[in-house]
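The primary structure of each chain is shown beneath.
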Amino acid sequence: MEKHGLTDAAVSVRDVNRRFGRKTVLERFSVELGRGVTGLLGPNGAGKTTLLRILATTLAPDAGEVRTFGLDPSDPAQRTEVRRRLGYLPQDPGYYPHFTAFELVEYVAILKELTGRRERHREVRRVLAETDLSGAAKTKVRKLSGGMRQRLALAQALLGDPALLILDEPTVGLDPEQRMRFRALVSRLGESRTVLLSTHQTEDVAALCERVIVMREGRAVFDGTPSGLASVASGQVWLSESAPPAPVLFWRTSDGRYRTLGAAPPGGLSADPGVEDGYLLLLGNAAEVSA
Ligand SMILES: Nc1ncnc2c1ncn2[C@@H]1O[C@H](COP(=O)(O)OP(=O)(O)OP(=O)(O)O)[C@@H](O)[C@H]1O
């Protein structure tokens, strides 16, 4: 095994480039990930899925280095070892609609080389229970709701208790209660593993990530804590009874008042910033911030 650099991080990405045709999707992207839950935020097309696919070994970078647990995924033998140690929930999992939930997860377990039928079945039952799907084990995938399918996708990622979990928009389609349960599960998993998830939900980031990376056009424009991202908007969040004069970023809140980002509107009262405020202002300004 090749020793890479000076870091003990579970994942180390250095100067990774990836293009599709003439479009540069990741540009000299570098990141190190240790234990805990890191959230990736960014607008559509920012390169989040491309980064996750590279880490999940389903896509190779054009240039740069990736090391996962010190292993080099560009080497076939080391790539196999990396795959044994990671769980991946892709954005569009290929479901086999005629499989039952159990059969689908068992199929992935076989691909992951979980040998021994009894142990494999025990493991399939364990991950179905973790994701509240025990009752749906015998249900055909095509009959599952969107939220149940999403939990099934998470279940297969948990097979073999991987030390690295890569989750692409895992909370899509979950109802509020399932989202809460999901956050509790992922928080628990992150205590002893490396979890990297992409999301469009700033609430997910605030609730479960110790670290958040904001991507824009293939680069990290923020890398810090959720509270650090919120503080990007310090002194720039306002609540007012009437709509501010355009053009500024504002929206109506559940109590009927208007939340404005940026300059104070007439009669605006200063409000505490949240992760979403910081994220929106950051993308509006596209400045590089670290906190
Ligand atoms: N296999 C591919 N072939 C061609 N272009 C691709 C491919 N995969 C991604 N792209 C392009 O790369 C860019 C970044 O895509 P990516 O899916 O990584 O973004 P993202 O941040 O995950 O976006 P979203 O939030 O919409 O999922 C997009 O412009 C996309 O069209």
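What counts, and at which threshold
- Residues numbered from 1 in each chain as written.
- Predicted model: local features only at pLDDT ≥ 70, side-chain atom pairs only at ≥ 80, totals over all residues.
- UniProt positions renumbered as here; feature names shortened; annotations may be inferred.
- Helix = DSSP H or I, 4+ residues; strand = E, 2+ residues; numbered from the N terminus.
- Contact = placed C-beta atoms within 7 Å.
- Near = placed C-beta within 6 Å.
- Nonpolar A, V, L, I, M, F, W, Y, C, P; charged D, E, K, R; others polar.
- Pairing = 2+ DSSP bridges.
- Axes fitted to C-alpha atoms, helices over the stretch in contact; angles between N-to-C directions.
- Core = buried A, V, L, I, M, F, W, Y, C linked by C-beta atoms within 7 Å.
- Buried ≥ 20, exposed ≤ 12 C-beta atoms within 10 Å, placed from the backbone.

- The name an unreviewed UniProt entry assigns to the chain is ABC transporter ATP-binding protein, from the organism Planotetraspora thailandica.
- The UniProt entry for the chain carries this comment under Sequence similarities (unreviewed entry): "Belongs to the ABC transporter superfamily."

## What about the overall build of the chain?
Link 1 in the chain: Looking only at helices and strands, the chain features nine helices and 14 strands.
Link 2 in the chain: Each principal axis of the C-alpha atoms in the chain carries an extent, and together these give about 70 × 45 × 35 Å.
Link 3 in the chain: The contacts in the chain between residues at least 6 apart in sequence include a share of 66% that link residues at least 24 apart.

## A short note on the site of the ligand
Link 1 in the chain: The environment of the ligand is made up of Phe20, Lys23, Val25, Gly42, Asn44, Gly45, Ala46, Gly47, Lys48, Thr49 and Thr50.
Link 2 in the chain: Contributions of two or more residues to the shell around the ligand are made by β2 (23-33) and α1 (48-55).
Link 3 in the chain: By residue class, the composition of the shell around the ligand is three nonpolar, six polar and two charged.

## Some details on the sheet that holds β2
The strands that make up a sheet pair up through hydrogen bonds in the backbone, lying either parallel or antiparallel.
Link 1 in the chain: Overall, antiparallel pairing links the three strands, which are arranged β2-β1-β4 in an open sheet. Either end of the sheet is taken by a strand with one partner, and the two such strands are β2 and β4 (63-68). When strand polarity is set aside, the average angle formed by the axes of neighbouring strands in this sheet is 25°.
Link 2 in the chain: As judged from the seven bridges shared by strand β1 (residues 11-20) and β2, these two strands associate in the antiparallel manner. Looking at the pairing, arginine 19 lines up with threonine 24 of β2.

## Digging into the nonpolar core
Link 1 in the chain: In terms of nonpolar packing, the biggest core is built from 74 residues, with Leu55, Ala101, Val105, Leu152, Ile166 and Val214 touching the most fellow members.
Link 2 in the chain: Those residues within four positions of leucine 152 in sequence are excluded, and the remaining contacts are Ala101, Leu104, Val105, Leu133 and Leu144.

## Points about the sheet that holds strand β11 (residues 249-252)
Link 1 in the chain: A sheet is described by the order of its strands in space; here four strands give the open sequence β11-β12-β10-β13, paired in antiparallel fashion. The outermost strands of the open sheet, each flanked by one partner alone, are β11 and β13 (269-270).
Link 2 in the chain: Pairing between strand β10 (residues 237-240) and β13: two bridges, direction antiparallel. Of the residues in β13, the one forming a bridge with tryptophan 238 is serine 270.

## Some remarks on the environment of phenylalanine 29
Link 1 in the chain: Tracing the sequence through the fold places phenylalanine 29 in strand β2.
Link 2 in the chain: Phenylalanine 29 gets classed as buried once you count the C-beta atoms within 10 Å, which come to 23.
Link 3 in the chain: When the C-alpha atoms of phenylalanine 29 and glutamate 65 are compared, they prove to be 9.9 Å apart, with 36 residues separating the residues in sequence.
Link 4 in the chain: When sequence neighbours within four positions are dropped, the list of residues in contact with phenylalanine 29 reads Val13, Val16, Leu51, Gly218, Arg219 and Ala220.

## With respect to α1
Link 1 in the chain: Counting buried positions along α1 gives seven out of eight residues, so the element sits mostly inside the fold.
Link 2 in the chain: The positive-phi residue at the C-terminal boundary of α1 is threonine 57, with phi of around 70°.

## Topic: the pairing of β1
Within a regular strand, side chains alternate between the sheet's two faces.
Link 1 in the chain: As paired strands, β1 and β4 are joined by five bridges and run antiparallel to one another. In the sheet register, valine 13 faces β4, and the bridge partner there is valine 66.
Link 2 in the chain: Linking two consecutive strands that pair antiparallel, namely β1 and β2, is a turn of two residues; a positive phi of about 60° is found at glycine 21 within it.

## A few points about the environment of alanine 137
Link 1 in the chain: Note on placement: alanine 137 falls in the loop between α4 (117-130) and α5 (146-157).
Link 2 in the chain: Here alanine 137 falls in the partly exposed class, since 16 other C-beta atoms lie within 10 Å of it.
Link 3 in the chain: A C-alpha to C-alpha distance of 9.4 Å links alanine 137 and valine 105, two positions 32 residues apart in sequence.
Link 4 in the chain: Ignoring any residue separated from it by four or fewer positions in sequence, one finds alanine 137 in contact with Thr100, Ala101, Phe102 and Leu128.

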